[in-house]
Amino acid sequence: MSELFDEEPERPAPERPGRRTRALVITGVILVLGFFLLSAFAGIYTDRLWYSEVGYGQVFSTMLWTRVGLFVAFGVLMGGVVALNMYLAYRSRPIFGLPGNDGVDRYRDAVTPIRTWLLAGVAIVVGIFAGTSAIGQWRTFMLWREGESFGKQDPYFKKDISFYVFDLPWINFVIDFVMAVAIVALIATAVVHYLYGGIRLQSQHDRLTPAAQVQLSVLLGVFVLAKAVDYYFGRYDLVTDDHRLFTGMNYTGENALLPARNILVGVALICAVLFFLNIWRKTWQLPSVGLALLALSAVLLGMIWPAIVQNFQVKPSEADKENSYIKANIDATREAYGLSDVDTKSYQGIASEETSKADGSKVLEQLMATPVVDPLQVRETFQQRQRIRAYYSVPAVLDVDRYQIKGEEVPLVLGVRELDQSGIQSSDQNWSNLHTVYTHGEGLIAAYANKIAINDEANGRIVWAEGIRGEGDEGSRDLTDAEKFETRVYFGEQSPSYSIVGKASKDANNVELGLADTVSDSPDDQRTTYDGKGGVAIGSTFKQLMYAIKFGEPNFLLSGRVNGNSKVLYNRTPSERVEKVAPWLTVDGDPYPAVVDGKIVWIIDGYTTTDRYPNSQRESFDAMIDDSLQQDTGLQTIPTDEINYMRSAVKATVDAYDGTVTLYQWDETDPILKTWMKVFPDAVKPKSAIDKGLMAHLRYPEDMFKVQRFQLAKYHVTDAGEFYSGNNRWEVPEDPNVSREVFQPPYRLFSTGVDGTNDWSLTSVFKPRGAQNTLASYLQVNSDATSEGFGKLRLLEMIDENTPGPGQVANQMQQEDEVASKLQQYRVQGATPPRFGNLLTLPVAGGLVYIQPVYAARSATSAFPILQYVVVKYGDKVGIDRDLPGALADALGVDLGTPGTPPTGEPGTPPTGEPGTPPTGEPTGSLDDQIADALRNAEAAFTAAEEAQKANDTEEWAKQLGIAQTEVEKAVKLADERDKK
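The sections below set out a description of the structure shown in this document. If you're wondering where the values come from, they're calculated on a predicted model, not measured in any experiment. (Residues numbered from 1 in each chain as written. Predicted model: local features only at pLDDT ≥ 70, side-chain atom pairs only at ≥ 80, totals over all residues. Heavy atoms only, no water.)

## Structural notes on helix α14 (residues 379-386)
How we decide: A simple rule labels every residue: compare its accessible area, found with a 1.4 Å probe on the protein chains alone, to the largest value its type can have, and call it buried under 20%, exposed over 50%, or partly exposed in between. Only DSSP runs of H or I reaching four residues or more are called helices, and only runs of E reaching two or more are called strands; each is numbered from the N terminus. The contact rule is simple, with two residues in contact once any of their heavy atoms fall within 4.5 Å.
Residues T381, F382, Q383 and Q386 constitute the buried set of α14. On its buried side, α14 packs onto β2 (392-393), β4 (408-416), β7 (444-452) and β8 (462-464). Once α14 finishes, I388 follows within two positions and takes phi at roughly 70°, a positive value.

So, in structure tokens, the structure goes:
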């Protein structure tokens, strides 16, 4: 009959809206899923191309397949166990007598038609979560599989350190995973049994069917058994637990927690057996009692009993109870942070008369090479005088290194002239300019750290090092007077995220903008094309598509600048490149440039760290390296920033032009590095592969030194009783030149020790904890990688408790009448206030010399501060002058006259003759005149010694140094005589 009412009987009925909506939803889901899969594929594919390009394809393959293997193994295990238990629960459901609860019926009816899909979906979801969790443990897995022996045992369980560092973390993860599998499977099984009648909560009797009881008993038994294993291995965690006083085993741990966990192992095993026996006994009475006993034991033995022991046995006599454990912590901490062999000596702190007479020559000899140019303060001068173009920049904090220039080893302040795209006019900031034209920086800027130009305020009184691009009209030369070096910087700390380089053909025009040659004015010299071996070739359309997806930029496919010869440069910062090829390293926060073998390379220090070294003190890495210059640590390779073991394991270089990354083994005894070298056998080159040119610029790493000084502030004390009392704690002084409370940074300079050495060093000082005006000690580490003493830590503990600290010295310098008078011109209205540079502390002649440069601009409109004065404090005397020799002479109370004035033979001047000629005849003039004569003679002798060194005349060099020493000793002796009068 209905056909009679149809206007078009043969036309099919219109499709229901619900079906169209479902189709649209399915299509949308497919598109979204496809987009994510394509993005993931593009990321993996482009990563493979990048790793292959830098020569670390094996690193990528090892990481990829390890992660895939862990994801599949743990994902399948979790998903499979859950799915199997859900399936068994459904198969063992009661066929008859299902519960009549309306709510359960409704859910069961909804689930039954899609039960297969639901089971698969639950298994996939929990498997993905489990697999993702396992991916994050790939480092733990590889360390467990390839772990090397430390060759040392902990003092409590007598196990090799490798067990705690390599084995225990993976064992703990597997135990936790097994317990998680048991819990998730238990929940899923219980839900299925409840829906299909295996669990009847409303029933007065037989609430569980036999099948449900068996299955739940097995899962609970597995969980409790895993917990027993967890208690067993949890005993070993006692040596890495944190306590109020220290990290490691303590009295409560050994005498309360350790026995408690042994007992809990037995209780948990009994409880697990009771659950397994429940398969046949069909009663929950005994398993319930066992589970209650386990919970009660965990509370009583694991929490209450240790608290009783701690409060009633340990606290009343804590120093005695914890003595042996504190000693173990001290020994382990000093070993883990490389502090076991610190050379500690007592030091007067304030020079005595006898010391001054015997070793006075060391004052001038050392200070001649002291870097008075502050790399932080002169940054603006570098920026304004040497960046050449607005789109170039230098780092926020410049680096200090030493070079051989004309045969003389001198300290230099260095900065790479990098590309700063924020300096490009906003109207010119389009994709083509940002990624194909402005692609690289140009050159290395250097200035002498120990020289001051007396009358060159236009350059901030900075003496620029010769042969630096942009410095003069001589073009680019190696700092070591060798061949011309490649000045283009495509890989640096401020490089763009990515650049497209390469031209379509040989005849095509160069498009990359470079710095004009200082010799020629030809416009062709301002355009260049990258021809290095680095960079990923993207000539094919498929690769261009992959990178368009990776960077979210269609111009990879549309722009004519991307052609068959194009390469893409990305991952361009030195730290980022090292972290990607060695993701197991903690990278130092301060990569520094050096000219090596005709090219600029970035040198980066890589550390191996762990937080599992037994009994060693665990601290925050960020907190330990924080100082007034700290920017970004780059710490991305450990789960937290807490560590209790650190080694300077790797020296890495990144070629600033082509991006080549090279890793060199530095610490040949570090077990963690050896383990990673087994995991990635071709990634790290042996130490013997480092050539002499590079070795000359390797230095002691700053972050390592900061961590060591942080720990040494407390762990210089080796007696457990004294350590507990805390009456000899030190701390790093606050930087007196900044407003916020932050550590004073370490300084690089030529520093003498009490043994008479003059090493290229990294130095710092300590003050007593809580004190502001005194100095406790001076820490120095040999930073010359070519020296046999490299890495040797020297600690000078001050005997004189009144030795002034940096804060007090800074105040004394600024309040000195002569200093205040000369700086008054910069404190008037309209002038810029003076900036005080690094306050250097140097042990010289049994005492300490403090040196601080003072910077100021002539007016508030000046572009950069100028080094105006150098302030010196020696003993109780403060001197100020335009340069260091003058300031030292002022501190000694003598007048050197006009710098550079030749000897005249008149009274009060050096005797006539060649520079460096020993003085003859009786001294004439006043004591001040004689002191000035002696210092001028010493300066002339030092100059003659330098000339002899350049000429390889060792005999004359030694002779002139002897003359200089005699003259300085004479000056200091005369100053002492004058002061006595």
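## A few points about the side chain of S495
Following the sequence through the fold, S495 ends up in the loop between β9 (488-489) and β10 (498-501). S495 gets classed as buried once you look at its relative accessible area, which sits at 15%. Not counting residues up to four positions away in its chain, the partners in contact with S495 are E418, Y490 and R572.

## Re the sheet that holds β4
Selection rule: Two strands qualify as a pair provided that DSSP identifies no fewer than 2 bridges between them. Each axis is a line fitted through C-alpha atoms, and for a helix only the stretch in contact is used; angles between axes span 0 to 180 degrees, taken between their N-to-C directions.
The antiparallel open sheet is built from four strands, whose spatial order is β3-β4-β7-β8. Across the chains shown, the open sheet's two edge strands, defined by having one partner strand only, are β3 (399-405) and β8. Across the sheet, the axes of successive neighbouring strands diverge by a mean angle of 45°, strand direction being ignored.

## So, the sheet that holds strand β13 (residues 536-537)
Read across the sheet, three strands follow the order β10-β14-β13 without closing on themselves; strand pairing throughout is antiparallel. Edge positions in the open sheet fall to β10 and β13, since each of these has one partner strand only. Here β10 pairs with strand β14 (residues 567-570) via four bridges, running antiparallel. Bridge pairing in β14 places Y498 opposite Y570. Relative to the sheet, helix α16 (residues 541-551) contacts β10, β13 and β14, its axis offset from that of β14 by approximately 25°.

## Some words on the side chain of Q852
Put simply, the test is: Polar contact is the term for a pair of N or O atoms within 3.5 Å; when the atoms are in protein, one must be able to donate a hydrogen and the other to accept it, and sequence-neighboring residues count only if both atoms are side-chain atoms.
Mapped onto the elements, Q852 comes out in strand β29 (residues 847-856). Here Q852 falls in the buried class, since its relative accessible area comes to 0%. Reaching out from Q852, the side chain makes a polar contact with the backbone oxygen of G837 at a distance of 3.1 Å. The residues touching Q852, leaving out its near neighbours within four places in the chain, are N737, M813, F836, G837, N838, L839, Y869, V870 and V871.

## Describing helix α26 (residues 884-892)
Buried residues dominate α26, accounting for seven of its nine residues. For α26, the complete set of buried residues consists of L884, G886, A887, L888, A889, A891 and L892.

## Structural notes on the pattern of salt bridges
Note the cut-off: We define a salt bridge as a side-chain nitrogen of Lys or Arg found within 4 Å of a carboxyl oxygen belonging to Asp or Glu.
Under the counting rule described, the total for this entry stands at 21 salt bridges. Between D399 and R699 there is a salt bridge, and its shortest N-O distance comes to 4.0 Å. Of this pair, D399 sits in strand β3 while R699 is found in the loop between α21 (692-695) and α22 (702-715), placing the two residues 300 residues apart along the sequence. For the residue pair D399 and R699, the accessibility class agrees, reading buried in each case. Of the charged contacts in the structure, one is a salt bridge between D531 and R488, with a shortest N-O distance of 3.9 Å. Taken as a pair, D531 in the loop between β12 (527-528) and β13 and R488 in strand β9 lie far apart in primary sequence, 43 residues in all. Judged by its relative accessible area of 60%, D531 falls in the exposed class. A network of salt bridges, in which partner residues are shared, links D399, D590, R699, E702 and R748.

## Here's the deal with the packing of helix α8 (residues 251-281) against helix α9 (residues 285-314)
When two helices pack together, you describe them by how their axes are tilted relative to each other and by the distance separating the axes. The cut-off we apply is this: Angle categories are assigned with fixed cut-offs, so that under 35 degrees is roughly parallel, over 145 is roughly antiparallel, 65 to 115 is roughly perpendicular, and the rest are oblique.
Following both chains from N to C, one finds α8 and α9 inclined at 175°, their axes separated by 8 Å at the closest point. The orientation of α8 with respect to α9, classified from their angle, is roughly antiparallel.

## What to know about a nonpolar patch on the surface
Test applied: Only residues above 30% relative accessible area that lack a salt bridge enter a patch, with like-charged residues linked at up to 9 Å and the nonpolar side chains Val, Leu, Ile, Met, Phe, Trp and Tyr linked at up to 5 Å. Surface accessibility follows the Shrake-Rupley procedure with a 1.4 Å probe radius. Residue values consider only the protein chains on display as shielding.
Side chains of L296, V299, L300, M303, I304, W305, I308 and F312 sit close together on the surface and give an oily, nonpolar patch of about 780 Å² of accessible area. Owing to a relative accessible area of 64%, F312 belongs among the exposed residues under this scheme.

## Some words on unusual backbone geometry
Here K158, not a glycine, exhibits a phi torsion of approximately 60°, which is positive. Among the structural elements, K158 can be located in the loop between α5 (138-146) and α6 (161-195). Relative accessible area serves as the criterion here: at 52%, K158 is assigned to the exposed category. A positive phi angle, near 50°, is found at N571, a position not held by glycine. Mapped onto the elements of the fold, N571 is located in the loop between β14 and α18 (574-581).

## Concerning the packing of α5 against α6
Selection rule: Each helix crossing is assigned a hand: it is left-handed if the near helix lies turned anticlockwise from the far helix by less than a right angle, otherwise right-handed if that turn is clockwise. Gly falls in the polar group here, along with every residue not listed as nonpolar (Ala, Val, Leu, Ile, Met, Phe, Trp, Tyr, Cys, Pro) or charged (Asp, Glu, Lys, Arg).
It is at 8 Å that the axes of α5 and α6 come closest, and there the two elements cross at 125°. The angle between α5 and α6 falls in the class oblique. Remark: the crossing between α5 and α6 carries left-handed chirality. Contacts between α5 and α6 involve T140, F141, L143 and W144 on the former and, on the latter, F166, D167, P169 and W170. Taken together, the residues that form the contact of α5 with α6 break down as six nonpolar, one polar and one charged.

## As for the packing of aromatic side chains
This is how the line gets drawn: Only the six-membered ring of Trp is used, alongside the rings of Phe and Tyr, when aromatic pairs are assigned; centres must lie within 6.5 Å, and planes under 30 degrees apart are stacked while those over 60 apart are edge-to-face, with the rest tilted. As a reminder, the over-ring test applies to NZ of lysine and CZ of arginine, requiring each to be within 6 Å of the ring centre and within 35 degrees of the ring normal.
Under the criterion given, the structure shown has 48 aromatic pairs. Ring centres of Y547 and Y570 lie 5.6 Å apart, and the angle between their planes is 70°; this geometry places the pair in the edge-to-face category. Of this pair, Y547 sits in helix α16 while Y570 sits in strand β14, and the two are 23 residues apart along the sequence. We classify Y547 as buried; its relative accessible area is 0%. The class for Y570 is buried, based on a relative accessible area of 2%. A centroid spacing of 6.1 Å and a plane angle of 10° characterise the contact between W676 and F680, whose relative ring orientation is stacked. Owing to a relative accessible area of 3%, W676 belongs among the buried residues under this scheme. A residue is classified by how much of its surface remains accessible, and F680, at 0% relative accessible area, is buried. Joined through ring pairs, the aromatic side chains of F74, F141, W144, W170, F173 and F177 make up one cluster. Over the ring of F163 we find K159; its NZ or CZ atom is 4.8 Å from the centre of that ring.

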